[in-house]
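Observations on the model geometry
Chain by chain, the residues:
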Amino acid sequence: MRSGRRILAVAATFVAVAAVSIAVALLITPERTVSAFGQTVAVGTAPPTLSASGPGELVLFGQTIPTAVRFLGPIRPRLVLTSIDLNEQIAASFTPGPHAPIASTLGAKLVAGWRTYFLVEIALVALVALLLLGAIAGWRRSGRRATVVFIVVGVGVAELLNIGAIGLAAVTVPGRLGSVRSLQQLVGQSAEPPVAPAPGPMQPQVEAVVLGDSTAAGVGGPAPADASPRDILCGRSSFAFATTLARVNDWTVENLACSGASIPEGVLGPQVVRGRRVPAQLAVAKRAVDASTVVVSVGANDLGWSSFLRLCAVVDSCNNRAVDAYFQRSLETFTRSYLELLRQLSTLPGDPQVVIVQYYIPFDPTLDCLADSGITSTKMAVLVQRLRALNTVLATGAETFGYVTAAPDFSGHELCTEQPYVQGPTEPAPLHPNARGELLIALTIERAIVASG
């Protein structure tokens, strides 16, 4: 009887040590970094789940999204895109065409990284189990022979359980990763061909181009001198930051930004504004064949930021599960679109310097001046958090592709301060930058360009 209890106790000890060893090994095993034609990806495992199959994790610009590729087993890969070198080979790997060597290399490198990761994980399981069992054996004060047998058998049990737990993943994942031909396949979208230049004459005199939404258009200000019908339609104003960039650098700047523009409808594709079709901004930008700088301001319309603000104003909390889910889904969709935009920017003629502009923070949660509009200081704090999440994606994406980031700081000049840099509720474009705000954004862009060398 006593012998049976002792056997059960030892067996339970082995199982507990194995469970702890596997958990610790999965936690501390370093991700394996692999590179294929300029794409650098860290390969590891996502947290285990109880489901028999499902997607892995892809960390894209700091945002974790499920992979479109599904895997068997509770343990699945986690892939972190860390950098992309925009050379000719990478451009080829992201565009349609006969690029079999590049495609197969990507899948093969991911598989190699996955296998190496698990070899290290297996070794770490043995090491952690050895340390735990050694400590337990020392506490038990067993003889030398009994201690050796206890540790050897315990490590063996830990590895058997480990291989059993990860075996399905170790066997099936290489086949799925080996079939991956591009990052777009993991994201769940096809690699689109480069946006074609818009019809019309080339514009070699243009030295800088601005793409984006209402922030870049400068909505709410007076129309520019000699404004075109499209300037009026898109809400471009004379105090848009493009105007200051032109004046400071003595540049000819083409401001193509349009109020309401998103990445798919406005920048990469045409946009319909009040029943009129505006061509894709990137297509028009490609006529500026000698432009040295391209400034991009996107994200708010892709997230449905205006709708989110209205929703936040009428609900009791901007931080409940439903609103959180809505925002996270929007951010995931934006992240995928942003990947395509960053890729397409690499096809601009002349390899111009690309500057990605982050969003200014228009609120100070300590200033509770919008409560009558339904935006309390508590809700402001949530909105600020959301904008920072967007800015993380913007900045990380720019860094991944080697682009420049400009981060305007409106601290001390938010809404309700004595000298705000944003338009108030009664002004033409509430919460958009005013003339001072647009000037600050322009100066921030200028500093970022100078700092980049």
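Model, not experiment: these values are computed from the prediction. For every chain, the first residue of its written sequence is number 1, and the numbers climb from 1 along that sequence. Per-residue local features are limited, in this predicted model, to residues with pLDDT of at least 70; the limit for side-chain atom pairs, both in listing and counting, is 80 or more; totals at the level of whole chains, interfaces and linings are taken over all residues. The side-chain figures draw on all heavy atoms in the structure; neither hydrogens nor water molecules are used.

This next bit is on a nonpolar patch on the surface. Together, Leu 127, Leu 130 and Leu 131 make up an exposed nonpolar region whose accessible area comes to about 280 Å². Looking at the element boundaries, Leu 130 is found in helix α3 (residues 100-140). Since its relative accessible area comes to 40%, Leu 130 is described here as partly exposed. Residues forming no salt bridge and having over 30% relative accessible area are the ones grouped into patches, like charges within 9 Å of each other and nonpolar side chains (Val, Leu, Ile, Met, Phe, Trp, Tyr) within 5 Å. Here the open area of atoms and residues is found with the Shrake-Rupley method and a 1.4 Å probe, where only the protein chains shown may cover a residue. Should a side-chain nitrogen of Lys or Arg be within 4 Å of a carboxyl oxygen of Asp or Glu, the pair is scored as a salt bridge. Labels follow the DSSP assignment, with helices taken as runs of H or I lasting at least four residues and strands as runs of E lasting at least two, numbered in each case from the N terminus. When a residue's accessible area, from a 1.4 Å probe over protein chains only, is under 20% of the maximum for its type it is buried; when over 50% it is exposed; and in between it is partly exposed.

Let us now look at the pairing of strand β4 (residues 63-72). Within a regular beta strand, the side chains point alternately toward one face of the sheet and then the other, so they alternate between its two faces. In this description, strands pair whenever DSSP reports at least two bridges between them. Alignment of strand β3 (residues 53-60) against β4, held across seven bridges, turns out to be antiparallel. Bridging from a neighbouring strand, Glu 57 pairs with Pro 66 of β4. Here β3 folds back onto β4, and the loop between the two strands holds two residues, one of which, Phe 61, carries a positive phi near 60 degrees.

It is worth spelling out the confidence of the model for the protein chain at this point. Every residue is assigned a pLDDT by the predictor, reflecting its confidence on a scale from 0 to 100. With 94% of its residues at a pLDDT of at least 70, the protein chain reaches an overall mean of 89. Segment residues 93-103: pLDDT under 50, and 21 contacts once partners within four positions in sequence are set aside and those in other chains are kept. We call two residues in contact when some of their heavy atoms are within 4.5 Å.

Strands sit in the order β1-β2-β5-β3-β4 across an open sheet of five strands; the sheet is mixed. One side of each edge strand has no neighbouring strand; the edge strands of this open sheet are β1 (32-36) and β4. Strand-to-strand twist in this sheet, taken as the mean axis angle between neighbours without regard to direction, amounts to 25 degrees. Pairing analysis gives seven bridges linking strand β2 (residues 39-45) to strand β5 (residues 77-84), with the strands arranged antiparallel. Along β5, the bridge assignment pairs Val 41 with Leu 81. Packing against the sheet, helix α4 (residues 144-178) makes contact with β4 and β5, and its axis sits at approximately 100 degrees to β4. On top of the sheet, helix α12 (residues 321-345) reaches β3 and β4; it is set at about 85 degrees to β4, its chief contact. Note on geometry: axes are C-alpha line fits, over the in-contact stretch for helices, and angles between N-to-C directions span 0 to 180 degrees.

What follows deals with the packing of aromatic side chains. Here is the rule: rings of Phe, Tyr and Trp (six-membered ring for Trp) pair when centre to centre is within 6.5 Å. Planes less than 30 degrees apart are stacked, more than 60 are edge-to-face, and the remainder are tilted. Summed over all chains, the structure comprises 13 aromatic pairs. A ring pair is formed by Phe 14 and Phe 150, whose centres lie 5.3 Å apart and whose planes are at 40 degrees; its orientation type is tilted. Here Phe 14 is found in helix α1 (residues 2-28), whereas its partner Phe 150 is found in helix α4, with 136 residues between them in sequence. Assessed through its relative accessible area of 9%, Phe 14 is described here as buried.

In summary, soluble globular proteins display a tendency toward joint burial of nonpolar side chains. Take the buried residues of types Ala, Val, Leu, Ile, Met, Phe, Trp, Tyr and Cys, join any two whose side-chain atoms come within 4.5 Å, and each joined set is a nonpolar core. Counting residues in hydrophobic clusters, the biggest one holds 125 residues, and the most contacted among them are Leu 211, Phe 334, Tyr 338, Leu 345, Ile 356 and Ile 445. Examining the composition of this core, we find that 11 residues originate from one element, α3, more than from any other. If near-sequence neighbours (up to four positions away) are discounted, Leu 345 is found in contact with Leu 211, Leu 282, Val 296, Val 354, Ile 356 and Tyr 403. Grouped together as the second largest cluster of nonpolar side chains are six residues, Leu 233, Cys 234, Val 273 and Val 278 included.

With that settled, the discussion passes to unusual backbone geometry. Unlike most non-glycine residues, Asp 226 shows phi in positive territory, near 60 degrees. Mapped onto the fold, Asp 226 is located in the loop between α6 (214-217) and α7 (229-234). A relative accessible area of 79% places Asp 226 in the exposed class. For Leu 431, which is not glycine, the phi torsion reads 70 degrees and is therefore positive. Along the chain, the position of Leu 431 falls in the loop between β12 (404-406) and α14 (435-451). Overall, Leu 431 belongs to the buried group, its relative accessible area being 19%.

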